[in-house]
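# Secondary and tertiary structure notes
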Amino acid sequence: MTTQKGNCAGNGVFIVETGAERSSAVFHKIGGLKSKLLFTGGVFRARSFKFYKKSVENPERIRIFAAICVTMFFKKRKMKRILLVATVVMTALTASAQADDPIVMTVNGVDVPRSEFEYSYNKNNTEAVLDRKSLDEYVELFINYKLKVAAAAEEHMDTAAAFIKEQAEYRAQQAEAYLVDSTFIEEQARQVYEQTAQRIGKDGLVLVSHILLRVPQDADANAQAAAKVRIDSIYNALKAGADFADLAKRLSQDPSTAQHGGQLPWIQKGQTIPDFERVAFSLQPGEMAEPVLSAVGYHIIKMDERKQFEPYEFHRKSIYEWLNQRGITAAAKQSMGKKLAAQMGGDITPEEALAKAEQELDAKYPDFHYLMKEFHDGSMLYEISNREVWDKGAKDEKGLEKYFKKHKKNYAYDEPVYRGIIVNCTTDDVLQQVKQSVKGKKDTEWIQTIREKFNNDSTLQVKIIRGPFKAGKNKYADYYIFKTSQEQPEAIEGFPVVGVIGKLQKKGPDTYEDVRGAVTTDYQNYLEKEWVKVLRKKYTWKVYPDVLNTVNNHQ
């Protein structure tokens, strides 16, 4: 199984975990929020109101779980997407919506135009994708995808109120990218830059470090003199070769900079105390000034670097982010509304003009149309795949057991595995009681049994190290189980008695519970293949080779 990474057609970055045909996936809750996995046109796709990227290795659930992202639904990055799209207007990946858009295939009576197939194929076969599919390979994946969507449509999965609401919310967010005035945003960004450049002026920016000894403003002459003696001694040590950053970390009374060796962020004139600023801007890189008294105390200032303010393009991204935090999107949308209203003429309001433009996005922008269709079909695909494969496979205990017995050789161990626990006890008597308490119980119940009986609010008699164990992975297991270590490991403080409870499995797992994650994954893959066989018998499809041969090869 391999992890692949690539660009998701301008919609962010996706990470895909692939197996023979695809990795199975299960429904997980991460941070209390649902994150749905979709298998859309050959790749997984995630949709959620927040961004999650998480690979999960969990023997109770699934061996490896691929988590991937699109920037479709998370608001924190929405402006970045909007500005990118508003500037570039989403580079077209498919043939434009022309009358000459022949049908490349028909699945369950529904025609698939060449432009739709090209959109999906190109989106999932960029140069960055390691496991790129040939056209023929992708056709098979795409047919399977459409067959599953057909099955979901037959179940009316797109008529649920929650489904309709989610589609509407997604459309509204994606439409925003087309309904902002990118020229307005650019103008505002350049204004911010010019104003900042004017404030910085010819003096530029300086990067300085300092060591501060605080002197209260109401300090008497003796206190001020004592501070002067100390700062002079530090200065003399620096002149003698002491490390500035080291002394700053140990002696400076400015905690915000001391941890960074005394270094401040880049500063411009007007940002600091006048006495400090005067000295700082008088230095050249590498120079250090004698101690100077400011309103807060004595400083030793060292010039690290100075520069002129960089060109606009250098700061453009950060300025856009700053504008986004201050609501530039709403203002840019209002500006677009006014422009559209003026173009349309009549008594139409900016709000009405925006609403009309939003309704025309599908016809005007093929990419937008197919993005909406992809999300709609992908959402249905998730729901029915979860029902027919992922959730079904994870909960079918009899099916898992039967699959494991039939394919047991696939789960053979390449080295012995000890399935059990290592218990660290306060006394020998406690260890014997622990062993007696779990006798006759399933190993999945051992830990809870021990905790309830031996560890309560006032007493802790046992500490547990959970297996399974392989040689070389745990010092206690190496000594007490595998006998590969001659040196007895030091016991946990307060728990001098060590024992092991479990069984050494030399050839392979005894039950599918021992390798539940791997069996679940394989069983889900099996269920999907069987499901696809049923769908291919139930529904009809036809590919038109003459049109398929023109994919990405037509005028």
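The structure we're discussing is the one just above.
A brief structural summary.

## So, the overall build of the chain
From N to C terminus, the chain includes 20 helices and 16 strands. Going through the 555 residues of the chain one by one, you find that 46% of them count as buried. Within the chain, residue pairs in contact and separated by at least 24 positions form 71% of the contacts whose partners lie at least 6 positions apart.

## Focus: the sheet that holds strand S13 (residues 417–425)
Pairing within the open sheet is antiparallel, and its three strands lie in the order S14-S13-S15. The sheet is open, and its two borders are formed by strand S14 (462–466) and strand S15 (497–505), each paired with just one other strand. Across the sheet, the axes of successive neighbouring strands diverge by a mean angle of 15°, strand direction being ignored. Two strands pair when backbone bridges link them, and S13 and S14 are joined in this way by five bridges, in the antiparallel orientation.

## Let's talk about the pattern of salt bridges
Scanning all chains against the criterion turns up 29 salt bridges. With its nearest N and O atoms 2.6 Å apart, the salt bridge here joins Glu397 to Arg516. Placement of the pair is Glu397 in helix H15 (residues 397–406) and Arg516 in helix H19 (residues 516–538), with a sequence separation of 119 residues. Residue classification places Glu397 among the partly exposed residues on the basis of a relative accessible area of 34%. Because the salt bridges share partners, they merge into one network encompassing Glu116, Lys146, Lys373 and Asp377.

## A look at helix H11 (residues 328–344)
If you check H11, its first and last C-alpha atoms are 24 Å apart, about what 17 residues at 1.5 Å a residue would give, namely 24 Å. Of all the residues in H11, the buried ones are Ile328, Thr329, Ala332, Ser335, Met336, Gly337, Leu340 and Ala341. Two residues or fewer past H11, Gly345 is found with a positive phi of approximately 70°.

## Some words on the sheet that holds strand S16 (residues 541–543)
Spatially, S9-S8-S16 is the arrangement adopted by the three strands of the open sheet, whose pairing is antiparallel. Either end of the sheet is taken by a strand with one partner, and the two such strands are strand S9 (110–113) and S16. Going across the sheet, the axis of each strand differs from the next one's by a mean of 20°, ignoring polarity. Here four bridges tie strand S8 (residues 103–107) to S9, and the two strands are oriented antiparallel to one another. By the bridge assignment for S9, Val107 is matched with Val110.

## Examining the packing of aromatic side chains
Considering all chains together, one arrives at 18 aromatic pairs under this definition. Pairing Phe117 with Tyr121 gives two aromatic rings, centres 6.1 Å apart and planes at 5°, and the pair type is stacked. Taken as a pair, Phe117 and Tyr121 lie in helix H2 (residues 114–123) at a separation of four residues, close to a single helical turn. The exposure classification of Phe117 matches that of Tyr121, with both residues buried. Geometrically, the ring pair formed by Tyr403 and Tyr523 is tilted, given 5.8 Å between the ring centres and 50° between the ring planes. With a gap of 120 residues between them, Tyr403 in helix H15 and Tyr523 in helix H19 connect regions that are remote in the sequence. Each member of the pair Tyr403 and Tyr523 is classed as buried. A cation over an aromatic ring shows up here: Arg536 above the ring of Trp541, its NZ or CZ 4.8 Å from the ring centre.

## Thoughts on the nonpolar core
In terms of nonpolar packing, the biggest core is built from 31 residues, with Val104, Met105, Phe117 and Phe142 touching the most fellow members. Elements that contribute at least two residues to this core include exactly S8, H2, helix H3 (135–154), helix H14 (366–395), H19 and helix H20 (545–548). Counting residues per element, this core draws most heavily on H3, which supplies eleven residues. In this structure, Phe142 is in contact with Met105, Val112, Glu116, Phe117 and Ser120, ignoring residues within four places of it in sequence. Among the nonpolar cores identified, the runner-up in size contains 18 residues, and Tyr170, Ala357, Tyr370 and Phe375 belong to it.

## Details of unusual backbone geometry
Across the junction of Gly467 and Pro468, the peptide omega takes the value 5°, indicating a cis bond. Of note, Pro468 is situated in the loop between S14 and helix H18 (475–480). Notably, His156 is not glycine yet its phi reads approximately 60°, a positive angle. Mapped onto the elements, His156 comes out in the loop between H3 and helix H4 (161–176). In this structure, Lys483 takes a positive phi of about 60° despite not being glycine.

Criteria and thresholds
Throughout, a residue's number is its position along its own chain's written sequence, starting from 1. Two thresholds apply to this predicted model, a pLDDT of at least 70 for residue-level local features and 80 or more for giving and counting side-chain atom pairs, whereas whole-chain, interface and lining totals are computed over all residues. Side-chain descriptors were evaluated using all non-hydrogen atoms of the structure, hydrogens and water having been removed beforehand. The secondary structure listing takes helices from DSSP runs of H or I that are at least 4 residues long and strands from runs of E that are at least 2 residues long, numbered from the N terminus. A simple rule labels every residue: compare its accessible area, found with a 1.4 Å probe on the protein chains alone, to the largest value its type can have, and call it buried under 20%, exposed over 50%, or partly exposed in between. Contact criterion: two residues are considered in contact whenever any of their non-hydrogen atoms come within 4.5 Å of each other. Should DSSP find at least two bridges between two strands, the strands are taken to pair. Only C-alpha atoms enter the line fits that serve as axes; for helices the fit covers just the stretch in contact. Angles between N-to-C directions range over 0 to 180 degrees. Salt bridges are counted wherever a side-chain nitrogen of Lys or Arg sits within 4 Å of a carboxyl oxygen of Asp or Glu. The span expected for a helix works out to 1.5 Å for each residue beyond the first. Only the six-membered ring of Trp is used, alongside the rings of Phe and Tyr, when aromatic pairs are assigned; centres must lie within 6.5 Å, and planes under 30 degrees apart are stacked while those over 60 apart are edge-to-face, with the rest tilted. A ring has a charge above it when a Lys NZ or an Arg CZ is no more than 6 Å from the ring centre and no more than 35 degrees off the ring normal. Only buried residues count toward a nonpolar core. Its members are Ala, Val, Leu, Ile, Met, Phe, Trp, Tyr and Cys residues joined through side-chain atoms within 4.5 Å.

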